[in-house]
Amino acid sequence: MPRHQTLLLALALLLFALLFQGARGLWDPDEGRYVAAALEMQRSGNYRDIALHPEIPHFTKPPLAYWTLVASFAALGESELVARLPSALAFWGSGLLLLSVGGMLTPAAPWAPALVYATSTLPFVAAHVVNTDTLLAFFELLAVWGFLKHWHAGSRRSSLGFRTVMWAGFGLAFLTKGPPGLLPLLAIVPFTWRVRGGREALALLSPPGLVAFAVIGLGWYAAVVRAHPELLRSFVVEELVGRAAGVHGRNPEWYMAFA
């Protein structure tokens, strides 16, 4: 794909991502809750703990989405457009990654995956709402992109680097929404095992990659559980096992623990 066409498509994706971002107020309850927690984090200067108010902790999601909101507010001020900017940029970043993915998977039409994604209803709508899902999709796609680059790598060194990128992407996804961030592995591992064998599948567990995942994906959990030991039960029993068992009265199927 010629460079000028790539640049034009990237610009079009950015404009599409920013379209109508500041045209309405925040929707309750979700957008207001995310923004309130980010503003409380910014006010208190405590970027480890998540709260809607100094006396109302709010550990229902990991902190990365709130951190992006804090960074956005700190850089550009407080407005609806600025609150939705992380989702918009994640949407745009996913489109750029899909241009690269298209070059690997659909070389005859490398623009096709990005075009399909950008013009699909749910991704476009999610990109215009303060939420974790667009960020999650971007980081999961980054992980899949790292896997595909590893798959097509021409040397052992570059393969190792891309596997590290893959695990860093999974770490960022885990820091965005927990276990759902690892769902692409359910396809990646069996596919690698089937096509290249068990040794190649095990090689995905590269030490640098696992270290990257542990530091990025688990570091905050370790810090917050050390400060608040009672959260260990909340994270493991109430959120993961509780969802699977239908304790919260939603997503009762066992597989919805990953949703």
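Being a predicted model, the structure only gives us computed values, none of them experimental. (Residues numbered from 1 in each chain as written. Predicted model: local features only at pLDDT ≥ 70, side-chain atom pairs only at ≥ 80, totals over all residues. Heavy atoms only, no water.)

1. A word on the overall build of the protein chain
On a plain count of helices and strands, the protein chain comes out with 12 helices and two strands. Going from the N terminus to the C terminus, the protein chain shows its helices and strands as α-α-β-β-α-α-α-α-α-α-α-α-α-α. Whereas a compact globule of 259 residues would reach a radius of gyration of roughly 18 Å, the protein chain reaches 19 Å, a difference of no more than 12%. Dimensions of the protein chain, computed from the C-alpha atoms along their principal axes, are close to 55 × 45 × 35 Å. Here the protein chain holds 259 residues, and 42% of them are scored as buried. For the protein chain, the accessible area works out to roughly 13,600 Å², and carbon and sulfur atoms hold 68% of it. Of the side-chain charges in the protein chain, 19 are positive and 15 negative, and the distance between the mean point of each set is 15 Å. (Helix = DSSP H or I, 4+ residues; strand = E, 2+ residues; numbered from the N terminus. Rg over C-alpha atoms; globule rule 2.2 N^0.38 Å. Buried < 20%, exposed > 50% of the residue type's maximum accessible area, 1.4 Å probe, protein only. Areas by Shrake-Rupley, 256 points an atom, 1.4 Å probe, with all protein chains shown as cover. Lys, Arg positive; Asp, Glu negative; His and termini not counted. Charge placed at Lys NZ, Arg CZ, Asp CG, Glu CD.)

2. Remarks on the packing of aromatic side chains
Scanning the model with the defined rule gives 17 aromatic pairs in all. For the ring pair phenylalanine 147 and phenylalanine 191, a centre distance of 6.5 Å and an interplane angle of 80° mean the geometry is edge-to-face. Of this pair, phenylalanine 147 sits in helix H7 (residues 133-151) while phenylalanine 191 sits in helix H9 (residues 185-196), placing them 44 residues apart in sequence. A relative accessible area of 39% means that phenylalanine 191 is categorised as partly exposed. (Phe/Tyr/Trp six-rings, centres within 6.5 Å; stacked < 30°, edge-to-face > 60°.)

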